[in-house]
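So the chains spell out like this:
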Amino acid sequence: MHTKRFQPPRVSVVTLGCAKNLVDSEVLLGQLAGNRYRISPDPEQADIVILNTCGFIEAAKVESIQAILEALELKATGRVQKVYVAGCLSERYREELRQELPEVDGFFGTMELPGLLAALGADYKEHLLGERLLSTPSHYAYLKISEGCNHPCSFCAIPLMRGRHRSRPMEEILLEAQRLASRGVRELILIAQDLTYYGLDLYGRRMLAELLRRISDLEHLRWIRLMYAYPAKFPLEVLEVMAERENICKYLDLPVQHLSDEVLRSMRRGITGAELERLIETIRERVPGIALRTTLIVGYPTETEADFERLLEGLSRIRFDRLGVFTYSQEENTAAYPLGDPIPQEEKEARAARVMALQQEISLERNQSLVGSRLRVLIDRLEGRFAVGRTEHDAPEVDNEVYVANPDLQIGHFYWVDIRDAEAYDLFGEAYGPA
Ligand code: SF4
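Draft legend 1. Seen up close, the overall build of the protein. Scanning the protein for helices and strands turns up 13 helices and 18 strands. In summary, the protein has a C-alpha radius of gyration of 23 Å against a globular reference of 22 Å for 435 residues, a match within 12%. The principal-axis extent of the C-alpha atoms belonging to the protein is close to 75 × 55 × 45 Å. Counting the 435 residues in the protein, one finds 43% classified as buried.

Right under this line is the structure:
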């Protein structure tokens, strides 16, 4: 007699938005794999599609809705049986989405992993805590040290979607870091809505410096990178750890958002332009050679031409190493919402373009000054006749890359590279040897 073998469903998880969402998807995939579900990177080959959405700004919402519609088309043609929507957009607009998209089989927020698993017929397995199915190349991984945010930034909808700040216990983070390192991760990228707040809610004091020391003591981690440090009340002791520890990248992502006092005040950032500049000086003094990345918002409702000029002046003085800029997006239920959205999109984009033109000059000069030097590079991928990697001054996806004229180098390995040429956002060089 033949009995039909149970075939677990094939699940595809589509991730939109930031690295924090990516980590959530990796945790979900880890749980699904632990429940013996088959995982398919391609939604067209799956029985179930889960969309982990983003609701950060207008453009991100549009992209997430587009992805949901594409998955629903697959369902309509019978290729896919079920479509679930999770993540930030779902957390924020669940009722509206439910009404508009009744074909979706279920909506889940950012903190409902057990509920989502139950809807799929899977169990939430406690012992899999920290076991993730990495979707990054195996030599680097993101590590989320906390969730949510307690800051009152007027433009930001993140606290509405991610809730108040919740630090993860240090032991849990260390265990996850150790597991990742033992699985071959060499670069660990610490993320949170705000890294600097770590510990305040759980231990009554800021503990990022101590956490960093303990992660730095773990074996096999060659690069530990910090992303998203809120500037107001920045815990300066973190800089000591950065300066003294070889395996902590001399790199910091410090989103300043603006440099005009009036705009910063309206944004409720708790810091002035002058204080920001002083903080940046201190960081550069205490951690020589550090690369600073920042993000900005242009076209904030109260931003005048004069504010914008102040921003450009400040940027010319500070000369950030890496920079990204967003145009303001008016978000419901944020403190800035009642200010309206008076600056036309065209003008916002023109301002963003001026910021990026300035940054391009700065970045080109900085890169050109590196020609003739020898830098340690971690190879991320092979592309034609090049091995492409990054220095400790560059985070994946968002920062500069180094093109090394040798496709025989190995992904995930470190090499010394002699820099021969530079463009605004890329360096070109030849490998000298393993580093
Ligand atoms: S620090 Fe401000 S901008 Fe960043 S997530 Fe928190 S509220 Fe949003």
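Draft legend 2. Representation of the environment of glycine 106 in the model. Positionally, glycine 106 belongs in strand 5 (residues 106-107). Sequence separation of glycine 106 and leucine 116 is 10 residues, and the distance between their C-alpha atoms is 8.2 Å. If near-sequence neighbours (up to four positions away) are discounted, glycine 106 is found in contact with Tyr84 and Ala119.

Draft legend 3. Seen up close, the environment of valine 287. Tracing the chain through its elements places valine 287 in the loop between helix 11 (273-286) and strand 12 (291-298). Among residues more than four places away in sequence, those in contact with valine 287 are Leu239, Met242, Ala243 and Lys250.

Draft legend 4. Expanded view of the packing of helix 8 (residues 208-217) against helix 9 (residues 237-244). At a minimum axis separation of 8 Å, helix 8 and helix 9 run at an interaxial angle of 20 degrees. Judged by the angle between their axes, helix 8 and helix 9 are roughly parallel. Crossing of helix 8 over helix 9 shows left-handed handedness. Here Leu208, Ala209, Leu212 and Arg213 of helix 8 lie close against helix 9, whose contacting residues are Glu237, Val238 and Val241. Residues that form the contact of helix 8 with helix 9 fall into these classes: five nonpolar, no polar and two charged.

Draft legend 5. Molecular detail of the site of the ligand. Looking at the ligand, the residues that line it are Cys149, His151, Cys153, Cys156, Ile158, Pro159, Gln193, Asp194 and Tyr230. Each residue belonging to the shell around the ligand can be placed in one class, and the counts come to six nonpolar, two polar and one charged.

Draft legend 6. Fine view of helix 11. With 14 residues, helix 11 ought to run about 20 Å at 1.5 Å a step, and its terminal C-alpha atoms sit 20 Å apart, in line with that. Of all the positions in helix 11, only Gly273, Leu276, Ile280 and Ile283 are classed as buried. Projected down its long axis, helix 11 shows its buried positions confined to an angular sector of 80 degrees, all on one face. For helix 11, exposure combined with an orientation more than 90 degrees from the buried face picks out Ala274, Arg278, Glu281 and Glu285. Where helix 11 is buried, its residues contact helix 9, strand 11 (248-253), helix 10 (261-267), strand 12 and helix 12 (305-318).

Draft legend 7. Here's a closer look at unusual backbone geometry. Unusually for a residue other than glycine, arginine 36 sits at a positive phi of about 65 degrees. Overall, the presence of 9 C-beta atoms within 10 Å leaves arginine 36 in the exposed class. Phi is positive for arginine 268, close to 60 degrees, though the residue is something other than glycine. By secondary structure assignment, the location of arginine 268 is in the loop between helix 10 and helix 11. Under the C-beta neighbour-count criterion, arginine 268 is labelled partly exposed, with 15 such atoms within 10 Å.

Draft legend 8. Region of the structure containing the sheet that holds strand 1 (residues 10-15). One open sheet holds the five strands; their spatial order is 2-1-3-4-5, and the pairing between them is parallel. Edge positions in the sheet fall to strand 2 (38-39) and strand 5, since each of these pairs with one other strand and no more. Together, strand 1, strand 2, strand 3 (48-53) and strand 4 (82-87) form the strand contacts of helix 1 (residues 19-34), whose direction differs from that of strand 1 by roughly 170 degrees. Packing against the sheet, helix 2 (residues 58-76) makes contact with strand 1, strand 3 and strand 4, and its axis sits at approximately 175 degrees to strand 3.

Draft legend 9. Expanded view of helix 2. Here helix 2 spans 27 Å end to end across 19 residues, near enough to the 27 Å set by a 1.5 Å rise per residue. The complete set of buried residues in helix 2 reads Lys61, Ser64, Ile65, Ala67, Ile68 and Ala71. Looking down the long axis of helix 2, one finds its buried residues gathered within 160 degrees of arc, a one-sided arrangement. Turned more than 90 degrees away from the buried face of helix 2, the exposed residues are Ala59, Val62, Gln66, Leu69 and Ala76.

Draft legend 10. Structural detail: the sheet that holds strand 12. Read across the open sheet, the six strands follow the order 6-9-10-11-12-13; overall the sheet is parallel. The open sheet is flanked by strand 6 (140-144) and strand 13 (322-327), the only strands paired with a single partner. Taking the axes of each pair of neighbouring strands and ignoring which way they run, one obtains an average angle of 20 degrees across the sheet.

Draft legend 11. Molecular detail of the packing of helix 11 against helix 12. Taken N-terminus to C-terminus, the directions of helix 11 and helix 12 make an angle of 15 degrees; their axes are 11 Å apart at the nearest point. In terms of axis orientation, helix 11 runs roughly parallel to helix 12. As helix 11 runs across helix 12, the sense of the crossing is right-handed. In this structure, helix 11 uses Gly273, Glu277 and Ile280 to contact helix 12, whose residues at the interface are Arg310, Gly314, Arg317 and Ile318. In terms of residue class, the contact of helix 11 with helix 12 is built from two nonpolar, two polar and three charged.

Draft legend 12. Geometry of the pairing of strand 11. Most of strand 11 sits out of view: five of its six residues are buried. Direction of pairing for strand 10 (residues 223-226) relative to strand 11: parallel, over a ladder of two bridges. Bridging from a neighbouring strand, isoleucine 224 pairs with isoleucine 248 of strand 11. Handedness of the crossover is the feature at issue here: the chain leaves strand 10, passes through helix 9, returns alongside strand 11, and the resulting connection is right-handed. For strand 11 and strand 12, the ladder comprises three bridges, and the chain directions are parallel. Bridging across to strand 12, tyrosine 251 finds its partner in alanine 291.

The rules behind each value
Residues numbered from 1 in each chain as written. Predicted model: local features only at pLDDT ≥ 70, side-chain atom pairs only at ≥ 80, totals over all residues. Helix = DSSP H or I, 4+ residues; strand = E, 2+ residues; numbered from the N terminus. Rg over C-alpha atoms; globule rule 2.2 N^0.38 Å. Buried ≥ 20, exposed ≤ 12 C-beta atoms within 10 Å, placed from the backbone. Contact = placed C-beta atoms within 7 Å. Axes fitted to C-alpha atoms, helices over the stretch in contact; angles between N-to-C directions. Parallel < 35°, antiparallel > 145°, perpendicular 65-115°, else oblique. Left-handed = near helix turned anticlockwise from the far one by under 90°. Nonpolar A, V, L, I, M, F, W, Y, C, P; charged D, E, K, R; others polar. Near = placed C-beta within 6 Å. Expected span 1.5 Å × (residues − 1). Arc of directions from axis to C-beta. Pairing = 2+ DSSP bridges. Right-handed = clockwise from strand over helix to strand, strands pointing away.

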